[in-house]
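# Breakdown of the fold
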Amino acid sequence: MAVSLTGTRVSAIALPWFVLVTTGSATQTGLVAFCEMTPYVVVKALTGPLVDRVGPRVVSWTTDSLSAVAAGLVPLLYAVDLLPFWLLLVLVAVIGAVRGPGDLAKDIMVPEAAERSAVALERATGISGVTERLASTVGPAAGGALVALLGPQAGLVVNAACFALGAVIIGLTLPRGMGHPTEPPAPPEGGKEQGYWRRFGEGFTFLRGEPLLLTIIVTVGITNLLDAAFMTVLVPVWAKESGGGPAAIGLISSVAGVTAVLGSLVAAAVAHRLRRRLVFFTGFLVVGAPRFLVLASGAPLWAVLAVFAVGGFGGGFLNPILGAISFERVPRQLLGRVRALGGSLAWAGIPLGGLLAGAAVASFGLVPVLVTGGAAYFLTTSLAGLRPEWREMDRLRGVGRAPLPHAAGPVRPGSDDGAGEGAREKEMPRSGP
């Protein structure tokens, strides 16, 4: 996860900057983000039953290998002047399509890793969250430095290398038998094997019966759209117009990442003692609108860094809470399907974020779009907190993993048949693209 996420974060700096400096178009920069994230969301949503049936290990190393090839072709073809814009969009779409199930596969192997290591699940998910935050710190810093010193193509090469290394790690170094299917490969004696869409429907039915999870998905989905617009278009355009360049992008992202790591560590230590609802919405309050507004104000870089530092610390508390709620409510046997659906729905707005931001900046300018985005972020997270479902955040606290389903149809958490350890933190859903 550390290798894969670091490469992705490097690419998140290198790819938008590559498009921006080669085309000079914010609209085309947003279009590239759209073509990557749309297949990511759609394919990930549909491959939950496949990951449950085939096994996450096989899916992970296979998709990482395909991602490495597609990512490596971008700088290679550009170097020999054989990369028209349409082909770049195709390669980016391939990367997004295979990265979705690959990320899902790594996500659902964490519970098994915790069990094999005799590590408490809560600690394992906390370590996973810190790993993601560290990747979000190292990746942007490395990406900004590489792009500033060697050009955006160097960052794209590093991304391809990280995908290849991730495939080797998952394929060759995990213990024998790890990453097995979470769903039985054969039907019970005398039973009929469930089809793909029947298994897919089980995840959908479960998710539909959980009002709290659905409310979280809608809220995080809107903020993810705004975050995608912010990071893929608004920040690069701000960096270009302010003269900071890619180094400024890497710096502010890394500062936010460092404080997010600290926030995640604190959350792993004390969040279980705090009221989830208060911590959750306070975190959103400091990580959301202030980032948009400080860039719109034309504040000096030190002020921007201070706002991103505070926001990163508050944001570090969000994913551990989301992960704990999912851990308490999602049965292990439905883990792939429910996380695939929930994560994809929460990420559904991300492809549109860059596209809409690019068009908006081209039409209205950077500052009005930043102010509007900040206001939308504040209203979304503030108004969502008034809904009654949020009172459920602490109801199943400490109960343990939801039981395994014994029959098709909706599965309700909280019964006594088979509750035990094992589930995973944050991908369904998560805060931030």
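A brief structural summary. Each residue is numbered by its place in its chain's sequence as written, counting from 1. Residues qualify for local features only when their pLDDT is at least 70, as the model is predicted, and side-chain atom pairs are given and counted only at 80 or more; totals for whole chains, interfaces and linings, by contrast, use all residues. Neither water nor hydrogens contribute to the side-chain values; these are computed over all heavy atoms in the structure.

Each reported salt bridge corresponds to a side-chain nitrogen of Lys or Arg within 4 Å of a carboxyl oxygen of Asp or Glu. Within the structure shown, the criterion is met by six salt bridges. Glutamate 112 is the salt-bridge partner of arginine 116, the closest N and O atoms lying 3.1 Å from each other. Here glutamate 112 and arginine 116 lie together in helix 5 (residues 85–117), a separation of four residues that amounts to about one turn. Through salt bridges with shared partners, a single network forms among Glu36, Arg99 and Asp103. Here a strand is any run of E in DSSP of at least two residues, a helix any run of H or I of at least four, and the numbering for each starts at the N terminus.

To continue, consider the nonpolar core. Membership of the largest hydrophobic core comes to 86 residues, with the highest contact counts inside it found for Leu234, Trp238, Phe280 and Leu295. Of the residues forming this core, the biggest block, 15 residues, is contributed by helix 9 (residues 211–242). Contact definition: two residues touch when any of their heavy atoms are within 4.5 Å. When neighbours within four sequence positions are excluded, leucine 295 is seen to be in contact with Phe230, Val235, Trp238, Val304, Phe308 and Leu370. Think of a nonpolar core as a cluster: buried Ala, Val, Leu, Ile, Met, Phe, Trp, Tyr and Cys residues, connected wherever their side-chain atoms sit within 4.5 Å. Exposure is judged per residue with a 1.4 Å probe applied to protein chains only, and the accessible area is read against the type maximum: over 50% gives exposed, under 20% gives buried, and values in between give partly exposed. If you look at the next biggest cluster of nonpolar residues, it comprises six residues, including Ala68, Ile95, Ala160 and Phe163.

Here we come to a nonpolar patch on the surface. The patch calculation keeps residues exceeding 30% relative accessible area without a salt bridge and links them within 9 Å when they carry like charges or within 5 Å when they are nonpolar (Val, Leu, Ile, Met, Phe, Trp, Tyr). We get accessible surface area from the Shrake-Rupley algorithm with a probe of 1.4 Å; when it comes to residues, only the shown protein chains can shield them. Among the surface-exposed residues, Val258, Leu262, Leu265, Val266 and Phe313 lie close enough to one another that they form a single nonpolar patch of about 400 Å² accessible area. Among the elements that take part in the nonpolar patch, helix 10 (residues 245–270) stands out by supplying four residues, more than any other. Looking at where valine 266 falls in the secondary structure, it is placed in helix 10. By relative accessible area, which is 32% here, valine 266 ends up partly exposed.

Here we take up unusual backbone geometry. With a phi angle near 60 degrees, aspartate 81 is a residue other than glycine that sits in the positive phi range. If you trace the backbone, aspartate 81 turns up in the loop between helix 4 (56–79) and helix 5. The class of aspartate 81 is exposed, set by a relative accessible area of 71%.

This next bit is on the packing of aromatic side chains. Aromatic pairing here means that ring centres of Phe, Tyr or Trp (its six-membered ring) are within 6.5 Å. Orientation follows from the plane angle: under 30 degrees is stacked, over 60 is edge-to-face, and everything else is tilted. Under the defined criterion, the tally for this structure stands at seven aromatic pairs. On the basis of an interplanar angle of 90 degrees and a centroid distance of 5.2 Å, the ring pair of phenylalanine 280 and phenylalanine 281 is categorised as edge-to-face. Ring geometry for phenylalanine 292 against tyrosine 377: centres 6.0 Å apart, planes inclined by 55 degrees, an arrangement best described as tilted. With phenylalanine 292 in helix 12 (residues 289–296) and tyrosine 377 in helix 17 (residues 366–384), this residue pair connects regions lying 85 residues apart in the sequence. Every member of this aromatic cluster is reached through a ring pair, and the members are Phe230, Phe280, Phe281, Phe284, Phe292, Phe308 and Tyr377. Geometry around phenylalanine 230 places arginine 291 over its ring, the cationic atom sitting 4.8 Å from the centre. Here, a charge over a ring is recorded when the distance from Lys NZ or Arg CZ to the ring centre is within 6 Å and its angle to the ring normal is within 35 degrees.

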